[in-house]
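Now for the letters of each chain:
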Amino acid sequence: MSTTEPILKVEDLVVTYGRVEAVRKVSFEALPGSLITLVGANGAGKSSIINAVSGIVRPKSGRITFEGRDITRTQAHTLVGEGLVQVPEGRQILGTLTIHENLQLGGWHTNDAAAIQAVYERFPVLAERRDLPAGALSGGEQQMLAIGRALVARPTLILLDEPSMGLAPKIVDEVFRVIEEIRTSGTTVVLVEQNARRALRAADHGYVLASGEIAHEGRAADLLADERVVQAYLGV
Ligand SMILES: Nc1ncnc2c1ncn2[C@@H]1O[C@H](COP(=O)(O)OP(=O)(O)O)[C@@H](O)[C@H]1O
Ligand SMILES: [Mg+2]
């Protein structure tokens, strides 16, 4: 009797900043190849969770397991090498470096030219401008670069922190199309969004965060159909 083990499991995660309890005993998991989403308003604790999972923030308590291994205290650079990669909120590309240099940073630990080539094939606009400063790209193109930089590390698990933030609706469509392609290619996706409706439409499973706690969870389609969730968190 074999059941699929989650690729990522978060149990009773607590993240604090001084006296601020940003994340209070949050638990969730992602099955291999799935797309899960954590949605919630500004300040709900989404980035704190993503940063704890990717080793950027040290949790106060709780346990994080990746591919069956305890990574609660593993540092970000180690996790990148193990295939757990984050696309940070606000893109965080280096505007004075070229597009190519930004992509090289994504694979600094492997110097994987083939992985960069694959990103250029997926995003031709980046290939055309590879020697230009990344700061010259539009917001949407910078988001593609941030995603491309993460893909250079050949992630098995990718965590995206508000990838649609600040982008025009047409570009948001493009970003979501790319996210679904990444998932279709077999990479597990954890998507964090304030754009809850949109994220739930793309996801298999969803968690609604409010004030650092999970208020609702379920199949994404069920959450979208749940009047309580829609009224309280998705706007009418
Ligand atoms: N570095 C920090 N220092 C102090 N408080 C922080 C810090 N980062 C986040 N917070 C606080 O933690 C809570 C959750 O923030 P965050 O995880 O960024 O939420 P979200 O990503 O959902 O907007 C908020 O109250 C925020 O003000
Ligand atoms: Mg955030």
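In case you missed it, the structure is sitting above this.
Note that the structure is predicted; figures quoted are calculated from it, not measured.

Calculation rules
Residues numbered from 1 in each chain as written. Chains lettered and ligands numbered in written order. Predicted model: local features only at pLDDT ≥ 70, side-chain atom pairs only at ≥ 80, totals over all residues. Heavy atoms only, no water. Helix = DSSP H or I, 4+ residues; strand = E, 2+ residues; numbered from the N terminus. Rg over C-alpha atoms; globule rule 2.2 N^0.38 Å. Buried < 20%, exposed > 50% of the residue type's maximum accessible area, 1.4 Å probe, protein only. Contact = heavy atoms within 4.5 Å. Areas by Shrake-Rupley, 256 points an atom, 1.4 Å probe, with all protein chains shown as cover. Lys, Arg positive; Asp, Glu negative; His and termini not counted. Charge placed at Lys NZ, Arg CZ, Asp CG, Glu CD. Salt bridge = Lys/Arg side-chain N within 4 Å of Asp/Glu carboxyl O. Arc of directions from axis to C-beta. Near = heavy atom within 4 Å. Polar contact = N/O pair within 3.5 Å; in protein donor to acceptor, adjacent residues only side chain to side chain. Nonpolar A, V, L, I, M, F, W, Y, C, P; charged D, E, K, R; others polar. Donors = N, O, S within 2.8 Å, 3.2 Å for Na, K, Ca; no water. 1 Å grid on protein atoms, 1.4 Å probe; cavity = no way out; pocket = protein on both sides within 12 Å on 5 of 7 lines; lining within 4 Å. Points joined across faces, edges and corners; volume = space filled by probe spheres on them. Pairing = 2+ DSSP bridges. Axes fitted to C-alpha atoms, helices over the stretch in contact; angles between N-to-C directions.

S.K.: Explain the overall build of the protein to me, please; I cannot follow it from the model alone.
M.R.: A count of helices and strands for the protein gives 10 helices and 10 strands. Expected size for 236 residues packed as a compact globule is a radius of gyration near 18 Å; at 17 Å, the protein falls within 12% of this value. Scored against the burial criterion, the 236 residues of the protein give a buried share of 49%. Restricting the contact set of the protein to residue pairs at least 6 apart, pairs at least 24 apart contribute 65%. When the accessible surface of the protein is summed, it comes to about 11100 Å², and 49% of that surface belongs to carbon and sulfur atoms. Taken together, the 24 basic and 28 acidic charged side chains of the protein have centroids lying 3 Å from each other.

S.K.: Any chance you could explain the pattern of salt bridges here in plain terms?
M.R.: Any two side chains of opposite charge can pair if their charged atoms end up close together. The final tally for this structure, using the stated rule, is 14 salt bridges. For Asp 131, the salt bridge goes to Arg 130, with nearest N and O atoms at 4.0 Å. A relative accessible area of 59% places Asp 131 in the exposed class. On the accessibility criterion, Arg 130 (31% relative accessible area) is partly exposed. Among the ionic pairs, Asp 222 bridges to Arg 219, the shortest N-O distance being 3.6 Å. For Asp 222, a relative accessible area of 43% gives the class partly exposed. A network of salt bridges, in which partner residues are shared, links Glu 11, Arg 63 and Asp 70.

S.K.: Even after reading the chapter, I still don't get helix α3 (residues 99–106), so can you show me in this structure?
M.R.: Spacing of three or four residues puts side chains on the same side of an α-helix, whose turn is 3.6 residues. Burial in α3 covers these residues: Ile 99, His 100, Asn 102, Leu 103 and Gly 106. For α3, the arc enclosing every buried residue in end-on projection is 160 degrees, short of the 170-degree limit, so these residues lie on one face. Close packing links the buried residues of α3 with α4 (113–122), α5 (124–128) and α6 (139–151).

S.K.: Got a minute to help me understand the site of ligand 1 in this structure?
M.R.: All residues adjacent to ligand 1 are Tyr 17, Ala 22, Ala 41, Asn 42, Gly 43, Ala 44, Gly 45, Lys 46, Ser 47 and Ser 48. Here an oxygen atom of ligand 1 sits 2.7 Å away from a polar atom, N or O, in the main chain of Gly 43. Between ligand 1 and Ser 47, the relevant distance is 2.8 Å, taken from an oxygen atom to a main-chain nitrogen or oxygen of the residue. In isolation ligand 1 has 560 Å² of accessible area, and contact with the protein removes 59% of it. Top contributing element to the shell around ligand 1 by residue count: helix α1 (residues 46–53), with 3 residues. Looking at the shell around ligand 1 residue by residue, the class counts come to 4 nonpolar, 5 polar and 1 charged.

S.K.: Teacher, can you tell me more about the coordination of the magnesium ion (ligand 2) here?
M.R.: Six octahedral donors around a metal ideally subtend angles of 90 or 180 degrees, whereas four tetrahedral donors ideally subtend 109.5 degrees. The protein atoms that coordinate the magnesium ion (ligand 2) are Ser 47 (OG) and Glu 89 (OE), at distances of 2.1 Å. One end of the pair, Ser 47, is in helix α1; the other, Glu 89, is in the loop between β6 (84–87) and α3, with 42 residues separating them in the sequence.

S.K.: Looking at this structure, how should I read the layout of surface pockets?
M.R.: Unfilled space is identified by rolling a water-sized probe across the atoms. Put simply, the largest pocket is a space of about 360 Å³. Lining of the largest pocket is provided by 17 residues; of these, Val 80, Val 85, Gln 86, Pro 88 and Arg 149 occupy positions nearest its centre. Contributing elements (two or more residues each) for the lining of the largest pocket: α2 (76–81), β6, α3 and α6. Its residues assigned to classes, the lining of the largest pocket comprises 11 nonpolar, 5 polar and 1 charged.

S.K.: Explanation requested: the sheet that holds strand β9 (residues 205–210) in the structure shown.
M.R.: What links the strands of a sheet is backbone hydrogen bonding, and the strands pair in either a parallel or an antiparallel sense. Taken in spatial order, the 6 strands of this open sheet run β6-β7-β8-β3-β9-β10, and their pairing is mixed. The open sheet terminates on both sides in strands that have one partner only, identified here as β6 and β10 (213–219). In this sheet, neighbouring strand axes are inclined to one another by 15 degrees on average, regardless of whether the strands run parallel or antiparallel. As paired strands, β6 and strand β7 (residues 157–161) are joined by 4 bridges and run parallel to one another. Bridging from a neighbouring strand, Gln 86 pairs with Leu 159 of β7. Here helix α7 (residues 169–184) sits on the sheet and contacts β3 (35–39), β7 and β8 (188–193); the angle it forms with β8, its principal contact strand, is near 155 degrees. The strands that helix α10 (residues 227–234) touches are β9 and β10; relative to β10, the one it contacts most, it runs at about 135 degrees.

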